[in-house]
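Structural overview
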Amino acid sequence: MYFLNNLKSFCSSILHPAINEITAETQRLMHLKNLSLLNYKNLKTAEFEFDEKINCLVGNNGVGKTNVLDSIYHLSFGKSYFNPITSQNINHDSDFFVIEGAFEKNEKIENILASAKKGQKKIIKRNNKAYDKVSDHIGFIPTVIISPADRDLIIEGSETRRKFMDGVISQSDHAYLNKLLQYTKLVSQRNSLLKYFAANNTFERDTLEVYNLQMSNLGQDLFEKRKEFLKEFIPIFNKRYSDITNNKEVVDINYRSQLFDNSLSNLLEENLQKDMALQYTSVGTHKDDLSFEIEGHPIKKFGSQGQQKSFLIALKLAQFDFIKQISQVNPILLLDDIFDKLDENRVAHIVALVATDELGQIFLSDTHADRTEKVVKSSDQSYKIFKL
């Protein structure tokens, strides 16, 4: 009843989000028309013709509903959301997988293919032309997934939260993504050099300085971009959380970085002896973190299960808003086992947003076909239900 009592104000705030409005004239349309899978995880072969609005995958646990959603994510990002190790996404009885999808974007058909064979490099193709680098494809098919696995953003270490932040920025900023990849490679090379020093009881300052200089320049750029991003993203997130909870609590996201107090070049020099002993680079933007807080305290320790769920939903809807604002495309929204996170009324409201064009194409999975159909019928929008 709480949600129903506050539905009017929730709808109003959702339809006027804390971002720049995008008019119908400038909003570009996109949806996935069809999908073909071969040897992807537990799906030996499967084909789907999708509705341009709402698509529901229903069936018992273990039949592959989440894997279908993950295959769509794979076409967008060139990797699985749940298991980035390519070989582990190949069906156990095969040595390769193929995912093919036809997207209609700006009134043009874009055919995307992702394939991998054991022992070989993964291939991503757009209209039969292979990308030189998978990273070049990131952002072309804007996609947001909401899944029970998102709880890792709260309970796991800093790397998970950095990946979330970097993933949102990278979908709209290829320069940032390229710098991030370069920086990550430099950290790995510097770590190898530190191990070499230890193993051979030697030290080459000139060689180390080459890595320090390049890392310092790239690290500072990443730090500044993350600050800029969060300055825009956090108000969107706060608005979303307020909408979901009717202003019940104050939440915040705080950016933690060593670069607030010192330059990376100084940090690398000051921590040289420590790094030599540890044989890895202990300071830098690869140590940045996001602190998720409720009423000024870590939500991991002081947030209830319901508060944590609301926090994560707000985080992902803010991601949707941000990407939509930058790309002027409604991202595809994947809702994996969404009833695990929200009650039926809240799911119905999210689905109803399709009717306002606030959201674009939605894919959702559930174990209960009747419950799912009841929710999607209430939206008065076209839909398809796929029973796996």
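Note that this is a predicted model, so its numbers are computed, not measured.

So, about the overall build of the protein. Helices and strands together make up the secondary structure of the protein, namely 13 helices and 14 strands. Per-residue burial over the protein gives 52% buried out of 388 residues. Pairs at least 24 residues apart make up 74% of the contacts formed inside the protein by residues separated by at least 6 positions. Carbon and sulfur atoms make up 48% of the accessible area of the protein, which totals about 18,300 Å².

What follows is about the side chain of Ser170. Looking at the element boundaries, Ser170 is found in helix H5 (residues 158-170). When sequence neighbours within four positions are dropped, the list of residues in contact with Ser170 reads Ile138, Tyr176 and Leu177.

The terminal C-alpha atoms of helix H11 (residues 305-327) lie 33 Å apart, and with 23 residues this matches the ideal 33 Å at 1.5 Å per residue to within 8%. Along H11, 19 of the 23 residues are buried, which leaves the element largely enclosed by surrounding structure. Looking one or two places after H11, you find Gln328, whose phi comes out positive at around 55°.

In contact at an axis separation of 11 Å, H5 and helix H7 (residues 205-245) are set at 85° when each is read in the N-to-C sense. Overall, the two elements H5 and H7 adopt an arrangement that is roughly perpendicular. Contact residues: H5 offers Arg162, Phe164, Met165, Asp166, Val168 and Ile169, while H7 offers Lys225, Arg226, Phe229, Leu230 and Phe233.

As summarised here, the arrangement of the 3 strands in space is E9-E10-E11, forming an open sheet in which the pairing is antiparallel. With partners counted over all chains shown, the strands left at the sheet margins are strand E9 (251-256) and strand E11 (297-298), one partner each. Pairing analysis gives 2 bridges linking strand E10 (residues 289-294) to E11, with the strands arranged antiparallel. Pairing of Glu293 across the sheet is with Pro298, part of E11.

This part covers the nonpolar core. Ranked by internal contacts, the top residues of the largest apolar core, which has 68 residues, are Phe233, Phe237, Ile253, Phe292 and Leu333. Sorting elements by how many residues they give to this core places H7 first, with 14 residues. When residues no more than four places from it in sequence are discounted, the contact partners of Leu333 are Val144, Ile146, Phe320, Ile350, Leu359, Gln361, Ile362 and Phe363.

Right, let's talk about the packing of aromatic side chains for a bit. By convention here, two paired aromatic rings are described through the distance between centres and the angle between planes. Tallied over the full model, the rule gives 21 aromatic pairs. Centre to centre, the rings of Phe50 and Phe386 are 5.5 Å apart; their planes meet at 80°, and the pair counts as edge-to-face. With Phe50 in the loop between strand E2 (43-49) and strand E3 (54-58) and Phe386 in strand E14 (residues 383-387), this residue pair connects regions lying 336 residues apart in the sequence. When sorted by exposure, Phe50 lands in the same class as Phe386, which is buried. Seen from their ring centres, Phe237 and Tyr241 are 6.4 Å apart, and the 40° between their planes marks the pair as tilted.

Time to look at the environment of Thr285. Along the chain, Thr285 turns up in the loop between helix H9 (272-278) and E10. In sequence terms Thr285 and Met215 are 70 residues apart; their C-alpha atoms lie 9.3 Å from each other.

Enumeration over the complete set of coordinates arrives at 20 salt bridges. One salt bridge in this structure joins Arg226 and Asp166, with 3.1 Å as the shortest N-O distance. One end of the pair, Arg226, is in helix H7; the other, Asp166, is in helix H5, and 60 residues separate them in sequence. Here Arg256 makes a salt bridge to Glu293, at a shortest N to O gap of 3.1 Å. Within this pair, whereas Arg256 is found in strand E9, its partner Glu293 is found in strand E10, the two being separated by 37 residues in sequence. The exposure class assigned to Arg256 is partly exposed, which follows from its relative accessible area of 43%. Classification of Glu293 by relative accessible area gives buried; the value is 12%. What you see here is one network of salt bridges that share partners, running through Lys108, Glu110 and Arg126.

A few words on the environment of Lys41. By the element assignment, Lys41 lies in the loop between strand E1 (30-40) and E2. Given the relative accessible area of 17%, Lys41 is considered buried. Along the primary structure Lys41 and Asp70 are separated by 29 residues, whereas in three dimensions their C-alpha atoms are 9.8 Å apart. With sequence-adjacent residues up to four places away left out, Lys41 is seen in contact with Asn67, Asp70, Ser80, Phe82, Asn89, Ile90 and Asn91. Among the polar contacts made by the side chain of Lys41, one reaches the side chain of Asp70 at a distance of 2.5 Å.

What counts, and at which threshold
Residues numbered from 1 in each chain as written. Predicted model: local features only at pLDDT ≥ 70, side-chain atom pairs only at ≥ 80, totals over all residues. Heavy atoms only, no water. Helix = DSSP H or I, 4+ residues; strand = E, 2+ residues; numbered from the N terminus. Buried < 20%, exposed > 50% of the residue type's maximum accessible area, 1.4 Å probe, protein only. Contact = heavy atoms within 4.5 Å. Areas by Shrake-Rupley, 256 points an atom, 1.4 Å probe, with all protein chains shown as cover. Expected span 1.5 Å × (residues − 1). Axes fitted to C-alpha atoms, helices over the stretch in contact; angles between N-to-C directions. Parallel < 35°, antiparallel > 145°, perpendicular 65-115°, else oblique. Pairing = 2+ DSSP bridges. Core = buried A, V, L, I, M, F, W, Y, C linked by side-chain atoms within 4.5 Å. Phe/Tyr/Trp six-rings, centres within 6.5 Å; stacked < 30°, edge-to-face > 60°. Salt bridge = Lys/Arg side-chain N within 4 Å of Asp/Glu carboxyl O. Polar contact = N/O pair within 3.5 Å; in protein donor to acceptor, adjacent residues only side chain to side chain.

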